[in-house]
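Coordinate analysis (summary)
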Amino acid sequence: MSTSAPSANLMEAIVSLAKRRGFIFPSSEIYGGFNGFFDYGPLGAELKKNIRDCWWADMVRRRDDIVGLESSIIMHPKVWEASGHVAGFTDPLVDCKVSKQRYRADQLFFAAVVVDGKTAGYVSALESEDTVGELQAAAESLKRKKAIQGTLVPVLAKDMTEAQPDEIALIPSPATGEPGSLTPPRSFNMMFQTNVGAMTDASSVAYLRPETAQGMFVDFKNVVDTGRVKLPFGIAQIGKSFRNEITPRNFIFRSREFEQMEMEFFIHEDDDWAKWHRHWIDWCKGWLRSIGLPDSHLSEYDHPKAKLAFYSKGTTDIMFQYPFGVQELWGIAARGNYDLGQHAQASGKPQEIFDEATKKKFVPHVIEPAVGVDRILLAVLCAGYAEEDVKDEKGNVEKRTVLRLSPRIAPVKVAVLPLLKNKEALVGRSRALYQKLQRRHAVFYDDGGNIGRRYRRQDEIGTPWCVTIDFDTIEKPGDTFTLRERDSMAQRRITEAELFALLDEQVY
RNA sequence: GCGGCUAUAGUUUAAUGGUAAAACCUCUGCCUUCCAAGCAGGUGUCGUCGGUUCGAUUCCGACUAGCCGCUCCA
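Residues numbered from 1 in each chain as written. Chains lettered and ligands numbered in written order. Predicted model: local features only at pLDDT ≥ 70, side-chain atom pairs only at ≥ 80, totals over all residues. Heavy atoms only, no water.

1. Considering the side chain of S241
With respect to the element layout, S241 can be found in strand β13 (residues 233-242). According to the relative accessible area criterion, S241 is buried, its value standing at 0%. There is a polar contact of 2.8 Å between the side chain of S241 and the side chain of Q260. Ignoring any residue separated from it by four or fewer positions in sequence, one finds S241 in contact with R209, P210, E211, T212, R256, E257, F258 and Q260. (Helix = DSSP H or I, 4+ residues; strand = E, 2+ residues; numbered from the N terminus. Buried < 20%, exposed > 50% of the residue type's maximum accessible area, 1.4 Å probe, protein only. Polar contact = N/O pair within 3.5 Å; in protein donor to acceptor, adjacent residues only side chain to side chain. Contact = heavy atoms within 4.5 Å.)

So this is what it looks like as structure tokens:
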């Protein structure tokens, strides 16, 4: 058994499999698709739910120090002002189509060159200590160049956000000095906007959240007052977030609607943040391994201090080796007390904890592990996808496509297969086992085609085990089935009790 | 948002200025005592809109979507 290397078109193979087997469809496909959005089909929905459930179980239910939260997707607009998202991304940008330079529209100034009441042209300048002076000089230069007689009116500097549509084509690009290459200003704020209520005006503007984290900060006091929590403790949330990405790319890796699993771990202001930061990096890597991602594909990237936001103490990304490159999977950020501080200031409501030991109030610091469900799902598909050359009895080599998903997250845990479908005794025993398993697990019953075809079909969707009800089951004592294992294709006999025990141990 | 390439069945691909083919997949039936066997049958708006033409899936344009490279990525 050998594994061929399909890496060059691995993504194509995965996208194709995802579509063919009902994991992931392009959104609104019958209308031509919709860039940046995806639908999860029957198997994809199961897989995604399993990823979420595993995370929630390990992060929240099996711990004493972390509680869950489900906050609303649309929050008060002031949340996003306080968090910095509104200011951080409302900058309208202007492109120069010739030089490919990009300018912030509010930093690119222009002025009409008016001579004796007639507009002779336009000049532009980047924001500087003497923007008006530069524009004036440029205007005089233009007047000389065009050899226009008359009196030059002092320039009136405007920035590009004030440019009329018919002016834009006449304003020269600072890069080329020639007009015609600048685009109209475009807003690059990645937050989706909507209006709340009947009025559609500035006062009704609201945003779809671009991250779930702010919910934990805004509800911090509510959780502290009701959750019986003591530092250090965490608040975790799973939910959809929305970013109007400029370039959605790489299948579901960067999409405009995605699902996050975030946890804010609050610590004492005097606590050793670096120790907790390291703790959570290790925890996250361990969790990724527990759902089947190989260590060989995982790495860490420390954001350089110089590039960090001023409040950030450190950010480490757990990277995953996707077919299209090593990319961020899970960001673990030490954010100080910036977020709670911002909300305290903006809302006027202190976001403090009382320290019984020192009798002092303080704003806790936070470590934030934030990961995208869709990115994990893509990672497990990429890591699990394999095409193997297997030999049949006659020695002919044929291809086997197998999705090596961890039993924890596999959409189907067990397929129940009667060896033959036209033998009533086999079908009856299979049905009975299927119905019993169904009460506890995601299982699949299949009697179509021959047994080999059914095994391969389950291989392709990542089902870890198949049980086949054969003539030994019904004719020999012990009521045993054939258990066929996905990765090794090995078979052994197993009883119903042993099967349930196996599932109990492997699916958690 | 810019540039290049692309769009035919669920998937992978053909052919063609005269209403489209194959393989695989899938579904139904038969058969089948352990790894995609066989037999019979079913399932198709050529991405959308427009133009040229007697006639367009084919030529042209726009749009939409996808891929690659820029750009962006708090």
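2. Looking at the environment of H268
The topology assignment puts H268 in the loop between β14 (257-267) and α9 (273-290). For H268, the contacting residues outside a window of four places in its chain are L231, D355 and F362. Side-chain polar atoms of H268 contact the side chain of D355, separated by 2.7 Å.

3. Digging into the domain arrangement of chain A
As far as domains go, chain A holds domain 1 (2-89 + 192-381), domain 2 (90-188) and domain 3 (397-506). Each partner contributes to the interface: domain 1 provides 18 residues, whereas domain 3 provides 13 residues. Summed over both partners, the interface of domain 1 with domain 3 buries about 1,400 Å², with 62% contributed by carbon and sulfur atoms. Along the contact surface separating domain 1 from domain 3 lie three salt bridges. Here R21 and E460 are joined by a salt bridge, their closest N and O atoms 2.4 Å apart. Linking domain 1 with domain 3 are six residue pairs in polar contact (both at pLDDT 80 or more). Secondary-structure elements contributing two or more residues to the side of domain 1 that touches domain 3 are α1 (10-20), α2 (42-61), α9 and α11 (373-384). Per-element accounting of the side of domain 1 that touches domain 3 gives the leading share, seven residues, to α2. In terms of residue class, the side of domain 1 that touches domain 3 is made up of 10 nonpolar, three polar and five charged. (Domains from an automatic or database assignment. Buried area = accessible area lost by both parts, 1.4 Å probe. Salt bridge = Lys/Arg side-chain N within 4 Å of Asp/Glu carboxyl O. Nonpolar A, V, L, I, M, F, W, Y, C, P; charged D, E, K, R; others polar.)

4. Structural notes on the sheet that holds strand β26 (residues 480-485)
Sheet strands line up and pair through hydrogen bonds in the backbone, either parallel or antiparallel. With mixed pairing, the five strands of this open sheet are ordered in space as β24-β23-β25-β26-β27. Two strands lie at the open edges of the sheet, namely β24 (443-445) and β27 (491-495), each paired on one side alone. On average, each strand axis in the sheet is tilted by 30° relative to the strand beside it, whichever way the strands run. Against the sheet, helix α13 (residues 451-461) makes contact with β23 (414-418), β24, β25 (465-469), β26 and β27, and its axis sits at roughly 170° relative to β23, the strand it touches most. (Pairing = 2+ DSSP bridges. Axes fitted to C-alpha atoms, helices over the stretch in contact; angles between N-to-C directions.)

5. What to know about α9
With 18 residues, α9 extends 25 Å between its outermost C-alpha atoms, agreeing within 8% with the 26 Å of an ideal straight helix rising 1.5 Å per residue. Taken together, the buried positions of α9 are W276, H277, W280, I281, W283, C284, K285, W287 and L288. The N-cap residue of α9 is D272: its side-chain oxygen and the backbone nitrogen of A274 are 3.2 Å apart. Two residues or fewer after α9 comes G292, characterised by a positive phi angle close to 105°. (Expected span 1.5 Å × (residues − 1).)

6. Description of the packing of helix α12 (residues 424-438) against helix α15 (residues 496-506)
Following both chains from N to C, one finds α12 and α15 inclined at 35°, their axes separated by 12 Å at the closest point. Both α12 and α15 take part in a crossing whose hand is right-handed. Together, R429, L433, K436 and L437 of α12 and E496, L499, F500 and L503 of α15 make up the contact between the two elements. The residue makeup of the contact of α12 with α15, split by class, is five nonpolar, no polar and three charged. (Left-handed = near helix turned anticlockwise from the far one by under 90°.)

7. A word on the environment of E245
With respect to the secondary-structure elements, E245 resides in the loop between β13 and β14. Those residues in contact with E245 that lie beyond four places of it in its chain are M190, R254, S255 and R256.

8. Here we look at the packing of aromatic side chains
Across all of its chains, the model carries 18 aromatic pairs by this definition. When the centroid spacing of 6.1 Å and the interplanar angle of 45° are considered together, the rings of F110 and Y122 count as tilted. Here the residue F110 occupies a position in strand β7 (residues 108-115), and Y122 occupies one in strand β8 (residues 118-126), the gap between them amounting to 12 residues. What makes F110 buried here is its relative accessible area of 1%. We classify Y122 as buried; its relative accessible area is 12%. Ring geometry for Y322 versus F324: centroids 5.1 Å apart, planes at 10°, classification stacked. Judged by relative accessible area, Y322 falls into the buried class, the value being 3%. (Phe/Tyr/Trp six-rings, centres within 6.5 Å; stacked < 30°, edge-to-face > 60°.)

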